[in-house]
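Take a look at the letters that make up each chain.
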Amino acid sequence: MKKTRIILAGPRGRMGKEAVTLIQETEAFELVAAVDRIHEGKLISDLEGMPNVQAPIFTDIEKCFQTVEADVLVDLTTPEIGRVHTKKALEYGIRPVVGTTGFSEADLAELKELAEEKGIGCIIAPNFAIGAILMMKFSQMAAKYFDDVEIIELHHDQKLDAPSGTGLKTAELISEVRETKKQGHSEEKEILAGARGATYDGIHLHSVRLPGLIAHQEVLFGGFGQGLKIRHDSYNRASFMSGVKLAVEAVINIDTLVYGLENIIE
Ligand SMILES: NC(=O)C1=CN([C@@H]2O[C@H](COP(=O)(O)OP(=O)(O)OC[C@H]3O[C@@H](n4cnc5c(N)ncnc54)[C@H](O)[C@@H]3O)[C@@H](O)[C@H]2O)C=CC1
Ligand SMILES: O=C(O)C1=N[C@H](C(=O)O)C[C@H](O)C1
């Protein structure tokens, strides 16, 4: 069996550590290198608390791509560096699976063009948890019947981007099926700036950041005399790993950029 050779960017992060374990435990996957901010020349196994994986660590992604042969880059870093890594991977013909959030529409458009120019797959998934994908799909279904909706996403307080990639993706999916609408009273005024949250095509998005949380989202719909609440909770980061596995398997067989795992799963 030919294994899928994976380079992982961000191996020491909260998601990165889970991904190291996933790759190690998946027979069809092989971790061939990692990209980190520090620890050039060390092996993953040299790092405290890491499993016995003999993959070399690079701080320069181009040097990594030039030195190590790989099929897929899994990126779990930060918005700024994640977009650089994704672009470089495509340029080197390595298929990116990107969990990193905070990419702009312009970033996505540029990366899609590059993936198509190179004729290779790229998956950018704002959320890898199957329950979160269902929450987004159910929300899109519900939005056909309820055109008043507010999204509340709740995350740990170390998160860099707001709103979350999932919150934004949910708003995008809803706006595909509902007419643009300004919600609330026509003369509504914010006494405190930001009280009504951010808006995407008239959909209000609220971001909560608290220690103790992992990743949670509520999509609240309101209609005459009734309400509907769709909620998803990730209680740990292992919840994302079956989606990472699925994306690595899928990215080999596509030749364009796919934004969102809902486009991969049936
Ligand atoms: N798509 C999904 O299902 C999920 C996505 N995320 C996203 O994944 C990303 C990572 O999240 P966490 O693991 O919680 O963050 P984290 O802060 O724990 O980890 C980020 C890692 O990136 C590394 N890093 C920073 N600059 C780097 C560079 N130049 N080269 C290589 N590595 C570098 C850091 O050292 C750190 O280890 C975030 O954008 C987050 O929003 C998080 C959870 C689920
Ligand atoms: O930073 C996180 O933790 C998460 N980020 C993703 C997002 O921005 O939606 C996915 C999940 O919510 C966890």
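Our structure's up above, just so we're on the same page.
Computed from a prediction, not measured in an experiment: that's the story for all the values here.

Peer 1: For this particular structure, what's the right way to read the site of ligand 1?
Peer 2: Inspection of the region around ligand 1 gives 23 residues, with Arg 14, Met 15, Thr 101, Ala 125 and Phe 128 positioned closest. Contact between ligand 1 and Met 15: an oxygen atom at 2.8 Å from a main-chain N or O atom of the residue. Here Phe 128 contributes a backbone N or O atom positioned 2.7 Å from an oxygen atom of ligand 1. Relative to its free-state accessible area of 860 Å², ligand 1 is covered by the protein chains to the extent of 84%. Spatially, ligand 1 is embedded in the largest pocket. When residues of the shell around ligand 1 are traced back to their parent elements, those giving at least two are α1 (14–25) and α3 (79–91). The residue inventory of the shell around ligand 1, partitioned by class, reads 8 nonpolar, 9 polar and 6 charged.

Peer 1: Is there a simple way to explain the packing of aromatic side chains in this structure?
Peer 2: To describe a pair of aromatic rings, you give the distance between the ring centres and the angle between the ring planes. Summed over the entire model, instances satisfying the criterion amount to 2 aromatic pairs. Consider the rings of Phe 65 and Tyr 92, whose centres lie 5.4 Å apart with planes at 50°: the pair is tilted. In this pair, Phe 65 sits in helix α2 (residues 61–67) while Tyr 92 sits in the loop between α3 and β5 (95–98), placing the two residues 27 residues apart along the sequence. Accessibility expressed as a relative area gives 6% for Phe 65, which makes it buried. Since its relative accessible area comes to 31%, Tyr 92 is described here as partly exposed. The ring of Tyr 259 has Lys 169 lying over it, and the distance from NZ or CZ to the ring centre is 3.9 Å.

Peer 1: How should the packing of α3 against helix α4 (residues 105–118) be read in this particular structure?
Peer 2: A pair of packed helices is characterised by two quantities: the angle between their axes and the separation of those axes. Where α3 meets α4, the axes come as close as 9 Å, and the angle between the chain directions of the two elements is 15°. Here α4 runs roughly parallel to α3, going by the angle between their axes. The handedness of the crossing between α3 and α4 is left-handed. Counting all contacts with α3, which are made through Arg 83, Thr 86, Lys 87, Leu 90 and Glu 91, the residues of α4 involved are Asp 107, Glu 110, Leu 111, Leu 114, Ala 115 and Lys 118. When grouped by side-chain class, the residues that make up the contact of α3 with α4 number 4 nonpolar, 1 polar and 6 charged.

Peer 1: Honestly, the state of the cysteines in this entry has me stumped. Any pointers?
Peer 2: Joining two cysteines, a disulfide is a covalent bond between their sulfur atoms. Applying the stated criterion across every chain yields a total of 0 disulfides. Here Cys 122 stays free of any disulfide, with the sulfur of Cys 64 as its closest cysteine sulfur at 17 Å. Given a relative accessible area of 0%, Cys 122 falls into the buried group.

Peer 1: Looking at this model, I keep getting lost on empty space enclosed by the protein. Mind explaining?
Peer 2: Gaps between atoms show up when a probe of the same size as a water molecule is rolled over them. Within the structure shown, the criterion is met by 1 cavity of 30 Å³ or more. Here the largest cavity defines a volume of roughly 50 Å³. Lining the largest cavity are Asn 127, Ala 132, Met 135, His 155, Thr 166, Ala 215, His 216, Gln 217 and His 232. Residue assignment for the lining of the largest cavity shows that the elements contributing at least two residues are α5 (130–143) and β10 (215–223). With 3 residues, the top contributor of residues to the lining of the largest cavity is β10. Counted by class, the lining of the largest cavity contains 3 nonpolar, 6 polar and no charged residues.

Peer 1: Could you clarify how one ought to interpret the site of ligand 2 in this entry?
Peer 2: In the neighbourhood of ligand 2, the contacting residues comprise Thr 101, Pro 126, Asn 127, His 155, His 156, Lys 159, Asp 161, Ser 164, Gly 165, Thr 166, Ala 215 and Phe 240. At 2.9 Å from an oxygen atom of ligand 2 is found a side-chain nitrogen or oxygen belonging to His 156. A distance of 2.4 Å separates an oxygen atom of ligand 2 from a polar side-chain atom of Thr 166. When each cavity is represented as a set of grid points, ligand 2 is found to reside in the largest pocket.

Calculation notes
Residues numbered from 1 in each chain as written. Chains lettered and ligands numbered in written order. Predicted model: local features only at pLDDT ≥ 70, side-chain atom pairs only at ≥ 80, totals over all residues. Heavy atoms only, no water. Near = heavy atom within 4 Å. Polar contact = N/O pair within 3.5 Å; in protein donor to acceptor, adjacent residues only side chain to side chain. Areas by Shrake-Rupley, 256 points an atom, 1.4 Å probe, with all protein chains shown as cover. 1 Å grid on protein atoms, 1.4 Å probe; cavity = no way out; pocket = protein on both sides within 12 Å on 5 of 7 lines; lining within 4 Å. Sits in = over half its atoms within 2 Å of the grid points. Helix = DSSP H or I, 4+ residues; strand = E, 2+ residues; numbered from the N terminus. Nonpolar A, V, L, I, M, F, W, Y, C, P; charged D, E, K, R; others polar. Phe/Tyr/Trp six-rings, centres within 6.5 Å; stacked < 30°, edge-to-face > 60°. Buried < 20%, exposed > 50% of the residue type's maximum accessible area, 1.4 Å probe, protein only. Lys NZ or Arg CZ within 6 Å of the ring centre and 35° of its normal. Axes fitted to C-alpha atoms, helices over the stretch in contact; angles between N-to-C directions. Parallel < 35°, antiparallel > 145°, perpendicular 65-115°, else oblique. Left-handed = near helix turned anticlockwise from the far one by under 90°. Contact = heavy atoms within 4.5 Å. Disulfide = S-S within 2.5 Å. Points joined across faces, edges and corners; volume = space filled by probe spheres on them.

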